[in-house]
Amino acid sequence: MDIIKIKDLEVFGNHGVYKEENILGQKFLISVDLYGDLSEAARFDDIESSVNYGEVCQFIKEETQKNTFKLIESLTQHLATNILLKYTKIRKVQVEVKKPWAPVLMPLDTVSIVMERKWHKVYLSIGSNMGNKEKNLKEAIALLEKDKYTKVKKISSFIITSPVGDVIQDDFLNGALSIETLRNPKELLDLIKEIEATLKRERTLRWGPRTIDLDILFYDDEIIARKDLTIPHIELENRMFVLEPMVEIAPYVKHPISGKSIEQLYKEKSN
């Protein structure tokens, strides 16, 4: 990706743990690296195809001055997130906030915080086998789209599938979604749990009936193994009700452990 660099933009703000810092304020030096595709702007020599760094500087100044944070960690994250939300051509951002007048009672140049944030590519499975199944799926998708940190990019067709396990229950309506999100895996999992709770999902019986079921299949190329979260989804390659909708929207996405594409996994499971 191409990079626009803004170095040591000087902004006066009222951030700090101490009351005096919030009242009197102090100087901050803010550097930003903006990552995106600038090839069209370069080809046509057109500012409308690029990101106007003058506007970005003004935006940083306004966001720094209209908010008050105790920690420069909070200011740094606020700037990184809101730059990505405002400027759609920017896919990744690195922000450094320097504090030259840090109250440490020792001589120093600056104290700084550096954070990198980006839009993450994520695939989800979605299913329901209670009530109005299609309505449940569409309501869950609408709740995902309502989250300002998440964009739903692709939605597969919905397919009817038989339930897994020995529990007697109705057939499922299943699908898959491609989303982009600024949330980290834990934050995304929390959002999914909120959506399931809103739609009255009850976890009383393993592999039992449910109004809505949302699972994270892939999160970029990350491999995560925690008690509360496993990515890629541990049963992905064994579940036709996941592979069939996924092959529709993401046939060439590769499993980060096996290296096999969704299309390969689908064909193997079909045989």
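Residues numbered from 1 in each chain as written. Predicted model: local features only at pLDDT ≥ 70, side-chain atom pairs only at ≥ 80, totals over all residues. Heavy atoms only, no water.

**Student:** Pulling in residues and values, what's your account of the nonpolar core?
**Tutor:** Among the nonpolar cores identified, the biggest contains 30 residues, and Val32 and Leu34 are the most heavily contacted of them. At the level of secondary structure, the elements contributing two or more residues to this core comprise strand E1 (2-13), strand E2 (26-36), helix H3 (53-66), helix H4 (72-86), strand E3 (90-99) and strand E4 (111-118). Ranked by the residues each element gives to this core, the list is headed by H4, at six residues. Residues within four places of Leu34 in sequence aside, it is in contact with Asp2, Ile3, Ile4, Ile6, Val51, Val56, Ile83, Ile90, Lys92 and Val93. (Core = buried A, V, L, I, M, F, W, Y, C linked by side-chain atoms within 4.5 Å. Buried < 20%, exposed > 50% of the residue type's maximum accessible area, 1.4 Å probe, protein only. Helix = DSSP H or I, 4+ residues; strand = E, 2+ residues; numbered from the N terminus. Contact = heavy atoms within 4.5 Å.)

**Student:** Would you mind going over a nonpolar patch on the surface in detail, with residue names and values included?
**Tutor:** A contiguous nonpolar surface patch, about 320 Å² in accessible area, is contributed by Val104, Met106, Leu108 and Val111. Tracing the chain through its elements places Val104 in the loop between E3 and E4. Relative accessible area serves as the criterion here: at 34%, Val104 is assigned to the partly exposed category. (Patch = residues over 30% accessible without salt bridge, like charges linked within 9 Å, V, L, I, M, F, W, Y side chains within 5 Å. Areas by Shrake-Rupley, 256 points an atom, 1.4 Å probe, with all protein chains shown as cover. Salt bridge = Lys/Arg side-chain N within 4 Å of Asp/Glu carboxyl O.)

**Student:** Tell me about the environment of Gln77, and name the residues and values.
**Tutor:** As for its position among the elements, Gln77 is in helix H4. Put simply, Gln77 and Asp213 are 136 residues apart on the chain and 31 Å apart in space, counted from C-alpha to C-alpha. Contacts of Gln77, omitting those with residues within four sequence positions, involve Met115 and Arg117.

**Student:** Account for the packing of H3 against H4, with residues named and values stated.
**Tutor:** At their nearest, the axes of H3 and H4 sit 10 Å apart, and the two run at 135° to each other. Taken together, the axes of H3 and H4 are oblique relative to one another. For the pair H3 and H4, the sense of crossing is right-handed. Taking contact as the criterion, the partners of Phe59, Ile60, Glu63 and Thr64 in H3 are, on H4, Leu75, His78, Leu79, Asn82, Ile83 and Lys86. Of the residues belonging to the contact of H3 with H4, the class tally is five nonpolar, three polar and two charged. (Axes fitted to C-alpha atoms, helices over the stretch in contact; angles between N-to-C directions. Parallel < 35°, antiparallel > 145°, perpendicular 65-115°, else oblique. Left-handed = near helix turned anticlockwise from the far one by under 90°. Nonpolar A, V, L, I, M, F, W, Y, C, P; charged D, E, K, R; others polar.)

**Student:** Tell me about the sheet that holds E2, and please be specific about residues and values.
**Tutor:** Read across the open sheet, the four strands follow the order E1-E2-E3-E4; overall the sheet is antiparallel. A strand with exactly one partner marks an edge of an open sheet, and here the two such strands are E1 and E4. Averaged over all pairs of adjacent strands, the angle between their axes in this sheet comes to 15°, without regard to strand direction. Summarising the sheet, E2 and E3 pair through eight bridges and their orientation is antiparallel. Bridging from a neighbouring strand, Val32 pairs with Val95 of E3. (Pairing = 2+ DSSP bridges.)

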